Every structure is written in C-alpha cells, then in structure tokens.
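# Residue-level structure breakdown
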Amino acid sequence: MNVNFPFQFDGAGGTSDPMADYMNQLIEQVLFTSPGERVNLPDFGSGMLQMVFAPTSPEIAAATQFTVQGALQKWLSGQIKVQSVVATSVDSTLTVTVTYTPLNTSISQVQTFVYGGTQ
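Now for a description of the structure that goes with this document. (Residues numbered from 1 in each chain as written. Predicted model: local features only at pLDDT ≥ 70, side-chain atom pairs only at ≥ 80, totals over all residues. Heavy atoms only, no water.)

## Examining the pairing of strand 2 (residues 93–102)
Counted residue by residue, strand 2 has eight buried out of 10 residues, so it is predominantly covered. Of the strand pairs in this sheet, strand 1 (residues 80–90) and strand 2 are connected by 10 bridges, and their pairing is antiparallel. Residue pairing for strand 2: Val82 is matched across the bridge by Tyr100. (Buried < 20%, exposed > 50% of the residue type's maximum accessible area, 1.4 Å probe, protein only. Helix = DSSP H or I, 4+ residues; strand = E, 2+ residues; numbered from the N terminus. Pairing = 2+ DSSP bridges.)

## Regarding the environment of Lys74
Tracing the sequence through the fold places Lys74 in helix 2 (residues 58–76). For the pair Lys74 and Phe44, spaced 30 residues apart in sequence, the C-alpha to C-alpha distance is 9.1 Å. Within the structure, the side chain of Lys74 is placed 2.6 Å from the side chain of Asp43, a separation counted as a polar contact. (Polar contact = N/O pair within 3.5 Å; in protein donor to acceptor, adjacent residues only side chain to side chain.)

Purely spatial values, then, with no claim about function.
Next comes the structure, spelled out in structure tokens:
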C-alpha cells in the first residue's frame, strides 16, 4: 500500500487510499474525454459528455451504458475489471453507475455520475 506524505485521512476518519483515488481519476478521465480530443489517441474516451446535450430517454441510457462499458474495457482492461455499468434516465436526469474491481485487489468499487436535472 502506498502512503501519502504528509499522512492523510479520508472523509470517514480512516487513512486515505491513494490507489483508489488514482483508479477513480482514471475512470473519470476515460468517461469525460471525448473521442478526437487527444492528438495521439484520437479514439480515446467514451463520448459521454455529448450525452449531456441529448434528450434523456431509455434509449439514450442504454446507448450510454454500452458506450461507457466498452470504453472502460478498452482503455482500462489492464487496471480494472468492469463488473457492471448501469445507466438510467428519469425525466431530465441521466445517472451512470460504474461497478468495478481493481486487478490488484478483490475489493469492488462503485462510482456514480449524474447529469442533467436540477443540481
């Protein structure tokens, strides 16, 4: 386990896990990068940011689910195992929940992203 210096605590009062933070940042980087945004990796990213401007519907949620899962499997298959991606659309809010397991541990992690609605 890597230990930050200076020593840090997380929101629950325990020691912070820099590797979990790193994995979260990798996932965010894949999800929030649009294809064509990187010069040397033109197909890197998921295109999820474009979904913010699309009307929400069950079809958009399903397309988002497949797009996100495919992008994560393509770009992070050496670091994580994607267990599930669930995208739901209610009124004007799109919610994407990613459940994954880092390959160096057996502890499942969950990240949720919410778009639209009143925030």
